[in-house]
Amino acid sequence: MDISVIKSENVTTTGGITIGQPDAPLTSIEFINAACPYCRKWFLKSEETMTEAVKAGRLKRIIKPFDKDKEDLQLGNLAHTYLPFDQPEIVLQTLSFLFTHQKTWRNDLTPDEFKKYIDQNLKLTPQDNAENLAAIIAEADRANIKFVPTIIIGDHIFDESIDMTDLSQLLK
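Residues numbered from 1 in each chain as written. Predicted model: local features only at pLDDT ≥ 70, side-chain atom pairs only at ≥ 80, totals over all residues. Heavy atoms only, no water.

The computed volume of the largest pocket comes to approximately 240 Å³. C36, Y38, K70, F147 and V148 are the residues nearest the centre of the largest pocket, which is lined by 15 residues in total. What lines the second largest pocket is I19, F43, E47, T51, V54, K55, R61, E89, L92, Q93 and S96. Breaking the lining of the second largest pocket down by element, the ones donating at least two residues are α1 (37-55) and α3 (88-100). Of all the elements, α1 adds the most residues to the lining of the second largest pocket, at 5 residues. Its residues assigned to classes, the lining of the second largest pocket shows 4 nonpolar, 3 polar and 4 charged. (1 Å grid on protein atoms, 1.4 Å probe; cavity = no way out; pocket = protein on both sides within 12 Å on 5 of 7 lines; lining within 4 Å. Points joined across faces, edges and corners; volume = space filled by probe spheres on them. Helix = DSSP H or I, 4+ residues; strand = E, 2+ residues; numbered from the N terminus. Nonpolar A, V, L, I, M, F, W, Y, C, P; charged D, E, K, R; others polar.)

Looking at where D67 falls in the secondary structure, it is placed in the loop between β3 (59-65) and α2 (74-80). Buried charge without a salt bridge: D67, with K68 as the nearest opposite-charge side chain at an N-O distance of 10 Å. Within the structure, D67 has its side chain in polar contact with the side chain of H80 (distance 2.6 Å). Excluding residues within four positions of it along the chain, D67 makes contact with N33, N77, H80, L133 and I137. (Buried < 20%, exposed > 50% of the residue type's maximum accessible area, 1.4 Å probe, protein only. Lys, Arg positive; Asp, Glu negative; His and termini not counted. Salt bridge = Lys/Arg side-chain N within 4 Å of Asp/Glu carboxyl O. Polar contact = N/O pair within 3.5 Å; in protein donor to acceptor, adjacent residues only side chain to side chain. Contact = heavy atoms within 4.5 Å.)

Okay, the environment of K7 next. With respect to the helices and strands, K7 occurs in the segment before β1 (17-19). Its relative accessible area of 41% is what places K7 among the partly exposed residues. Dropping the residues within four chain positions of it, K7 is found in contact with R142 and A143.

Once that is clear, we can look at the sheet that holds strand β4 (residues 150-153). Ordered in space as β1-β3-β2-β4-β5, the 5 strands form an open sheet in which the pairing is mixed. Bordering the open sheet on either side are β1 and β5 (156-158), each of which pairs with just one other strand. Neighbour to neighbour, the strand axes of the sheet diverge by 15° on average, direction disregarded. Note: β1 against β3, 3 bridges, orientation antiparallel. Of the residues in β3, the one forming a bridge with I19 is R61. Taken strand by strand, helix α6 (residues 130-142) contacts β2 (26-32) and β3, and its axis lies near 100° from that of β3. (Pairing = 2+ DSSP bridges. Axes fitted to C-alpha atoms, helices over the stretch in contact; angles between N-to-C directions.)

What follows is the structure in structure tokens.
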């Protein structure tokens, strides 16, 4: 990922799903798609480290579900419509479940089958968050963010390939 083209000054802390204390000294902004295998790698690999930093009050996470046009990310876009933006713990549990089980649904289910999958496994219904999702797309466009995952912590911009030791250092 060429981070030199990203205009981080156009990334805001508004919108998305906020997890953690509003006054935490560090903020991560995470552009992700639920169907992206690289986002899966990031989320599952960093989950413990990020959760620990949030619980310690050092980190506020802002997860921005980023709808993409790519064909194999369409079920991720559909999953985003089920995320209750005002219930961050439910969103974290949902993303954890979807990423953990991504290999069982990503390539094998139709959109209608995926809706049933979400209903049966997560008991979620579609949310009225189209405006939020559109704002995230517009923000990513202004910031020239093209790829998922894109994670920003302070002046650091990275993707799923960050070493966990480096991430831990950023979160101190």
